[in-house]
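Listed below are the residues making up each chain.
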Amino acid sequence: MADEPVARMIDLAFAVAGDALPRDHRRALAAAIESALPCWPALEQAGVHRLNVSAGGGPQALLSNRTRLTLRVPRERASEALALEGAELQVGAASLQVGAPQARELRPYSTLYAHLVAAEEGAEEAEFLDGVAAELASLGVAGRPICGRLQVVEAGTLRGYSLMLDGLTPAGALRILEAGVGRHRRWGCGIFVPHKSAVAVGA
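Calculation criteria
- Each chain carries its own residue numbering, running from 1 in the written order of its sequence.
- Restriction of local features to residues with pLDDT of at least 70 applies here, the model being predicted, together with a cutoff of 80 or more for giving and counting side-chain atom pairs; totals for whole chains, interfaces and linings are based on all residues.
- Heavy atoms throughout the structure, all of them, feed into the side-chain values; hydrogens and water do not.
- A run of H or I in DSSP becomes a helix once it reaches four residues, and a run of E becomes a strand once it reaches two; helices and strands are each numbered from the N terminus.
- When a residue's accessible area, from a 1.4 Å probe over protein chains only, is under 20% of the maximum for its type it is buried; when over 50% it is exposed; and in between it is partly exposed.
- Polar contact criterion, stated in full: a pair of N or O atoms within 3.5 Å, where within protein one must be able to donate a hydrogen and the other to accept it, and residues adjacent in sequence count only if both atoms are side-chain atoms.
- The contact definition used throughout considers only heavy atoms, calling two residues in contact when any of these lie within 4.5 Å.
- Here, a strand pair is defined by DSSP locating no fewer than two bridges between the strands.

Chemist: Sorry, what's going on with the side chain of Thr 111 here?
Modeler: Looking at the secondary structure, you find Thr 111 in the loop between β7 (94-104) and β8 (112-118). Looking at Thr 111, the relative accessible area reads 4%, which means it is buried. For Thr 111, the side chain forms a polar contact with the side chain of Asp 166, separated by 2.6 Å.

This is the structure we're talking about:
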């Protein structure tokens, strides 16, 4: 839409080639990106989306031809992040060959979803939601948080919940897309994407 606000962040979705990754790969992927992209630590509020890999509980997660490595970066620094194209990322014992990127605008839908928002150590769901409410208030965002299931990943060292935010205004949705919620954006936590309806997120 012509009057839709423009986000100060943008997503860069890189094609990737590889067979599989360790199922717990968040920290290793973050380290590989930082090694291959010298500007990465200086990109304020940048993060990496969760990779779409095969479901299951085994030690290896299979990649598909549709898997993309998607970085959320400041719009004015996006050209620097394009240097990741052509890199080979060593993620544990596996490697990913990074291909061409596609820029994707952030759309401020009234319902947004994050697959994993990091929780403080030992925090139960009620405490987690209290923290989310405080963070939304600090951003000046009004919306209804809907908490999903608890997830424990990275060999038990990272825990959090899936989270849906419903009833957002366009301005509020844009703030969430730009800032995220919680910690560990470089590990794929707290990064939101549009969701078409406020269905249960625990499935």
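Next comes the rest of the write-up.
Chemist: Could you clarify how one ought to interpret the environment of Gly 160 in this entry?
Modeler: As for its placement among the helices and strands, Gly 160 is situated in strand β10 (residues 158-166). By relative accessible area, Gly 160 is classed as buried at 0%. Separated by 71 residues in the primary sequence, Gly 160 and Leu 89 place their C-alpha atoms 26 Å from one another. Once residues lying within four places of it in the same chain are set aside, the contact partners of Gly 160 are Leu 116, Val 117, Ala 118, Ala 119, Arg 149, Leu 150 and Gln 151.

Chemist: In this structure, what is going on with the pairing of strand β9 (residues 144-153)? I would like to understand it.
Modeler: On a regular strand, each side chain points to the face opposite its neighbour's, so the side chains alternate between the two faces of the sheet. Relative to β10, β9 runs antiparallel, the two being bridged by eight bridges. Counted as the bridge partner of Val 153 is Leu 158 from β10. Connecting the antiparallel pair β9 and β10 is a turn made up of four residues, with Glu 154 showing a positive phi of about 50°.

Chemist: Would you take a moment to explain the side chain of Thr 67 for this structure?
Modeler: The residue Thr 67 is located in the loop between β4 (60-62) and β5 (68-74) in this model. Of the residues examined, Thr 67 reaches a relative accessible area of 1% and is grouped as buried. At 2.9 Å, the side chain of Thr 67 forms a polar contact with the backbone oxygen of Asn 52. At 3.1 Å, the side chain of Thr 67 forms a polar contact with the backbone nitrogen of Ser 64. Apart from the residues lying within four places of it in its own chain, the contact partners of Thr 67 are Phe 14, Val 16, Leu 51 and Asn 52.

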